[in-house]
Amino acid sequence: AGELLPCVMHVAARALAGQSLSIFGDHSDVMACRSTGWAMLASESVEMTQHQALISHLVTMEARVPVQHFFDGFRTSHEVNKVKLIKYDTMREFIDWEAVKKHHDLALNPKHPHIQGTSQGPDIFFQCVEAGNSAYDSLADLFEKKAKLVEAKTGH
């Protein structure tokens, strides 16, 4: 998350194996990731999972903060239910192509080299950690904005 690279990880949440294996969805695997800097978004139904997945991708491309989108790894991932799929053409309308270009422009390129991931002393390291907090300040509002955008086009 510290590199501010857009990424979405979709997780069918389950219990972490402890004294025995468990199929129950206590979400301990997802909760173990809380301090990683990834934004977290939960879904509670099959239809919501589809919408939140799309919203996660829209948010990560604009905010450049990785998103962990999770849902119950027992019930939701195995549920048989009818879902009105969002058409690919509709999804394409939501894409911020300028954000995609910006992401591609940040890629490592031997024709345009740059330094990335240097070593820092503790004073500079923690200043950078604090400076990175600004990436999260408006994240909740951005999720809300993208959700309303998807809802306006899909009716859900």
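Residues numbered from 1 in each chain as written. Predicted model: local features only at pLDDT ≥ 70, side-chain atom pairs only at ≥ 80, totals over all residues. Heavy atoms only, no water.

1. Here's the deal with the confidence of the model for the chain
As a note on interpretation, predicted positions should not be read in detail where pLDDT is low.
Here's step 1: Mean pLDDT over the chain stands at 87; residues scoring 70 or higher make up 94%.
Here's step 2: Across the chain, element-level confidence peaks in helix 2 (residues 46-63) with a mean pLDDT of 95 and bottoms out in helix 3 (residues 75-78) with 77. (pLDDT = per-residue confidence, 0-100. Helix = DSSP H or I, 4+ residues; strand = E, 2+ residues; numbered from the N terminus.)

2. What about the layout of surface pockets?
Here's step 1: Its volume calculated, the largest pocket comes out at about 460 Å³.
Here's step 2: Taken together, 17 residues make up the lining of the largest pocket; nearest its centre are Gly 2, Glu 3, Cys 128, Val 129 and Gly 132.
Here's step 3: In terms of residue class, the lining of the largest pocket is made up of seven nonpolar, nine polar and one charged.
Here's step 4: Its boundaries defined by the atoms lining it, the second largest pocket holds a volume of some 290 Å³.
Here's step 5: Together, 14 residues line the second largest pocket, and Ala 53, Leu 54, His 57, Leu 58 and Ile 95 are the ones closest to its centre.
Here's step 6: Looking at the lining of the second largest pocket, the elements with two or more residues in it are helix 2 and helix 4 (88-94).
Here's step 7: Considering only residue class, the lining of the second largest pocket consists of eight nonpolar, three polar and three charged. (1 Å grid on protein atoms, 1.4 Å probe; cavity = no way out; pocket = protein on both sides within 12 Å on 5 of 7 lines; lining within 4 Å. Points joined across faces, edges and corners; volume = space filled by probe spheres on them. Nonpolar A, V, L, I, M, F, W, Y, C, P; charged D, E, K, R; others polar.)

3. Here we look at the packing of aromatic side chains
Here's step 1: Scanning the entire structure with this criterion turns up one aromatic pair.
Here's step 2: When the ring of Phe 125 is compared with that of Phe 126, the centres are 5.0 Å apart and the planes differ by 85 degrees; the resulting orientation is edge-to-face. (Phe/Tyr/Trp six-rings, centres within 6.5 Å; stacked < 30°, edge-to-face > 60°.)

4. Some details on the sheet that holds strand 3 (residues 67-72)
Across a sheet, paired strands are connected by hydrogen bonds in the backbone, their directions being either parallel or antiparallel.
Here's step 1: One open sheet holds the three strands; their spatial order is 1-3-2, and the pairing between them is parallel. The sheet terminates laterally at strand 1 (8-13) and strand 2 (39-43), the two strands that pair on one side only. Put simply, the sheet's adjacent strands are angled 25 degrees from each other on average, direction ignored.
Here's step 2: Summarising the sheet, strand 2 and strand 3 pair through five bridges and their orientation is parallel. Of the residues in strand 3, the one forming a bridge with Ala 39 is Val 67.
Here's step 3: Sheet strands in contact with helix 2 are strand 1, strand 2 and strand 3, and its direction is about 170 degrees off that of strand 3. (Pairing = 2+ DSSP bridges. Axes fitted to C-alpha atoms, helices over the stretch in contact; angles between N-to-C directions. Contact = heavy atoms within 4.5 Å.)

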